[in-house]
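Close look at the chain arrangement
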Amino acid sequence: MAGLELLSDQGYRVDGRRAGELRKIQARMGVFAQADGSAYIEQGNTKALAVVYGPHEIRGSRARALPDRALVNCQYSSATFSTGERKRRPHGDRKSCEMGLQLRQTFEAAILTQLHPRSQIDIYVQVLQADGGTYAACVNAATLAVLDAGIPMRDFVCACSAGFVDGTALADLSHVEEAAGGPQLALALLPASGQIALLEMDSRLHEDHLDQVLEAAAQAARDVHTLLDRVVRQHVREATISLGD
Amino acid sequence: MASVTLSEAEKVYIVHGVQEDLRVDGRGCEDYRSVEVETDVVSNTSGSARVKLGHTDILVGVKAEMGTPKLEKPNEGYLEFFVDCSANATPEFEGRGGDDLGTEIANTLYRIFNNKCSVDLKSLCINPREHCWVLYVDVLLLECGGNLFDAISIAVKAALFNTRIPRVRVLEDEEGSKDIELSDDPYDCIRLSVENVPCIVTLCKIGYRHVVDATLQEEACSLASLLVSVTSKGVVTCMRKVGKGSLDPESIFEMMETSKRVGKVLHNSLQSILHKEESLGPKRQKVGFLG
């Protein structure tokens, strides 16, 4: 991507955002009736669906059951038409398996699994359109879906990505900014306590700048939290109205 | 396949209702549930559509890519179908659990499009024997509420209607080497005629009668069903019996007559929805999954 200016002299990014600005987030809870919990999120052009089943009895081999807590089972898949070039398999490839594992780690840190021993919670995430920040969109969608299912959590999990260009940290990278190949940081935060549920950084970045990038990602995650909180409250309000109370 | 378990009493209730032409949700035997159709929902595809039929939720994306024509049909493009039964629909589909059903549906789609009149494949040819458009029709099953085949075929038709393929020109220089030039104008594209694209009408035999658009509960009461693909003119392009039971020849002819009648109405209403949506143009408020 030679010649493409990711950050102009005036401080604007390729899509016209400021360095710390998020893309437009729209979300909805309770998309599907048959699942225990479901949610849909749009972050710019990245669109993800999350569905939660459980807590229910362990499916398949009983040996997997944990005596003291619930098993969190995650599957990440991305639609074959979600990326610019068509994908051959929606799930089962290396990237999807890794994403599934990361999601599992993130949600094991957030869900109060000790309340449901010997049971299983399934979280299935489906990316419909990928335009950068798929991990973040998946975590945010899954948080809403887990909340919709009424599964107790320590806190929301809010995720956001961040990058570093010309001495400035950029929040919520789009596909163009990711493809440029600079350092990239994915962060999942429990906003109330400020605890980090997942942290991953690709490529190289000078240690002195890490603080700045981490703070940009954390601030963006807190902004995401404000928005998700609004969505949840709106959803609950509508639900109580429809109950006629 | 996603299914529900019913008790004997529940089954008797459904079967008796069907005999009286009054189904559990108040429909008659030849009525569809209300169908929601929206096109152009995924912006990085050539065409896409989402169809919601009761609790059945289908998303179809069509991507046009350049490929080489098949040897036996050097001046035609072709369609590739792929059905992903995602774990969103039911946890049984996790991992490779949905592959069997996905392959079955994809093979049915290949079969209903396996004739010359469904889609004008010649218009997909760019350069005989060398280049053609391959339309990858990818179906994503998001929720399963009965009558998958009909919902998928409606979604495929809507997505093909929405598909826009960029116009390309083949330039030939003196030495005979060919060059493909893409049109500069993003709105300069070719569209497929979907007039003859068939839709599937599935008829479930319940007791002595047959119903269209069965719900999961009704599917559990039915031993066998007939899958008929009909075009808007009432031409049958493919037929298949599915299910573990058996059907007598008389009822098969009866069911075919019903499917032709129902199919024509279905095509008419689908066409009118698609044209209405198109007439709104880019001003249309996109709902997608947020509505």
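Residues numbered from 1 in each chain as written. Chains lettered and ligands numbered in written order. Predicted model: local features only at pLDDT ≥ 70, side-chain atom pairs only at ≥ 80, totals over all residues. Heavy atoms only, no water.

- As recorded in an unreviewed UniProt entry, chain B goes by Ribosomal RNA-processing protein 42 and comes from Galeopterus variegatus.
- We quote the UniProt Sequence similarities (unreviewed entry) comment for chain B here in full: "Belongs to the RNase PH family." (UniProt positions renumbered as here; feature names shortened; annotations may be inferred.)

- Under an unreviewed UniProt entry, chain A has the name Exosome complex component RRP41 and belongs to Galeopterus variegatus.
- Note on chain A: under the UniProt heading Sequence similarities (unreviewed entry), the record states "Belongs to the RNase PH family."

1. Thoughts on the overall build of chain A
- Scanning chain A from terminus to terminus reveals 4 helices and 9 strands.
- In chain A, the succession of helices and strands from N to C terminus is β-β-β-β-α-β-α-β-β-α-β-β-α.
- Its C-alpha atoms give chain A principal-axis dimensions of roughly 55 × 45 × 35 Å.
- Sorting the 245 residues of chain A into buried and exposed places 51% on the buried side.
- A separation of at least 24 residues holds for 67% of the contacts in chain A among residues at least 6 apart in sequence.
- Charged side chains of chain A number 25 positive and 30 negative; the gap between the two group centres comes to 7 Å. (Helix = DSSP H or I, 4+ residues; strand = E, 2+ residues; numbered from the N terminus. Buried < 20%, exposed > 50% of the residue type's maximum accessible area, 1.4 Å probe, protein only. Contact = heavy atoms within 4.5 Å. Lys, Arg positive; Asp, Glu negative; His and termini not counted. Charge placed at Lys NZ, Arg CZ, Asp CG, Glu CD.)

2. Quick look at the layout of surface pockets
All names here are of chain B.
- Of the voids in this model, the largest pocket is the one considered here, and its volume is about 790 Å³.
- Lining the largest pocket are 26 residues; nearest its centre among them are D40, S46, N162, R164 and Y187.
- Of the residues contributing to the lining of the largest pocket, the split by class is 10 nonpolar, 7 polar and 9 charged. (1 Å grid on protein atoms, 1.4 Å probe; cavity = no way out; pocket = protein on both sides within 12 Å on 5 of 7 lines; lining within 4 Å. Points joined across faces, edges and corners; volume = space filled by probe spheres on them. Nonpolar A, V, L, I, M, F, W, Y, C, P; charged D, E, K, R; others polar.)

3. Some details on the sheet that holds strand 5 (residues 119–129) of chain A
Residue and element names in this part refer to chain A.
- On the basis of which strands lie adjacent, the open sheet formed by 5 strands has the order 1-2-3-5-4 and mixed pairing. On the outer flanks of this sheet lie strand 1 (25–29) and strand 4 (71–78), each paired with one strand and no other. Between one strand and the next, the sheet's axes are offset by a mean angle of 15°, whatever the strand orientation.
- Running over the sheet, helix 2 (residues 134–149) touches strand 1, strand 2 (37–43), strand 3 (46–57), strand 4 and strand 5 and is turned about 150° from strand 2.
- Across the sheet, helix 4 (residues 207–242) is in contact with strand 1 and strand 2; its angle to strand 1 comes to roughly 35°. (Pairing = 2+ DSSP bridges. Axes fitted to C-alpha atoms, helices over the stretch in contact; angles between N-to-C directions.)

4. Points about helix 5 (residues 249–279) of chain B
- Over its 31 residues, helix 5 of chain B runs 45 Å from end to end, which matches the ideal 45 Å to within 8%, given 1.5 Å per residue.
- One or two residues past the end of helix 5 of chain B sits G281 of chain B, with phi positive at roughly 65°. (Expected span 1.5 Å × (residues − 1).)

5. Comments concerning the nonpolar core
- By size, the foremost hydrophobic cluster in this structure holds 66 residues, and its most contacted members are I58, V60, L109, F113, L135, V156 and L160 of chain B.
- A per-element tally of this core places helix 3 (residues 148–162) of chain B first, with 11 residues.
- The contacts of V60 of chain B, once residues within four sequence positions are left out, are F81 of chain A together with G47, S48, A49, V137, D138, V139, A155, V156 and A159 of chain B.
- Judged by nonpolar contacts, the second largest core, of 62 residues, contains I121, A136, A159 and L198 of chain A. (Core = buried A, V, L, I, M, F, W, Y, C linked by side-chain atoms within 4.5 Å.)

6. Things to note about the interface of chain B and chain A
- Taken residue by residue, the interface counts 34 residues in chain B and 35 residues in chain A.
- Summed over both partners, the interface of chain B with chain A comes to about 2,900 Å²; 53% of that surface belongs to carbon and sulfur atoms.
- It is N88, F289 and L290 of chain B that lose the most area in chain B upon contact with chain A, and together they represent 23% of the buried surface on that side.
- In this structure, D138 of chain B and R86 of chain A form a salt bridge, with 2.8 Å as the shortest nitrogen-oxygen distance.
- There are 18 residue pairs in polar contact (both at pLDDT 80 or more) connecting chain B and chain A. (Buried area = accessible area lost by both parts, 1.4 Å probe. Salt bridge = Lys/Arg side-chain N within 4 Å of Asp/Glu carboxyl O. Polar contact = N/O pair within 3.5 Å; in protein donor to acceptor, adjacent residues only side chain to side chain.)

7. Remarks on the packing of helix 2 of chain A against helix 4 of chain A
Residue and element names in this part refer to chain A.
- Two numbers describe how helix 2 lies on helix 4: the axes approach to 11 Å, and their chain directions differ by 30°. Viewed along their axes, helix 2 and helix 4 adopt a mutual orientation that is roughly parallel. Between helix 2 and helix 4 lies a crossing of right-handed hand. Each of N140, L144, L147 and D148 in helix 2 lies in contact with helix 4, whose residues at this interface are V224, L228, V231, V232 and H235.
- Grouping the amino acids of the contact of helix 2 with helix 4 by side-chain chemistry returns 6 nonpolar, 2 polar and 1 charged. (Parallel < 35°, antiparallel > 145°, perpendicular 65-115°, else oblique. Left-handed = near helix turned anticlockwise from the far one by under 90°.)

8. Points about the UniProt feature "domain: Exoribonuclease phosphorolytic" (unreviewed entry) in chain B
Residues and elements named next belong to chain B.
- In this structure's numbering, the residues bearing the UniProt feature "domain: Exoribonuclease phosphorolytic" (unreviewed entry) are residues 32–166 and 196–261.
- With 21% helix and 38% strand, the stretch residues 32–166 has end C-alpha atoms that lie 36 Å from each other.
- Helix makes up 29% of residues 196–261 and strand 41%. Its end C-alpha atoms lie 16 Å apart.

9. Points about the pairing of strand 14 (residues 236–243) of chain B
- The pairing of strand 13 (residues 224–230) of chain B with strand 14 of chain B spans 7 bridges and is antiparallel. Looking at strand 14 of chain B, one finds that A224 of chain B is bridged to G243 of chain B.

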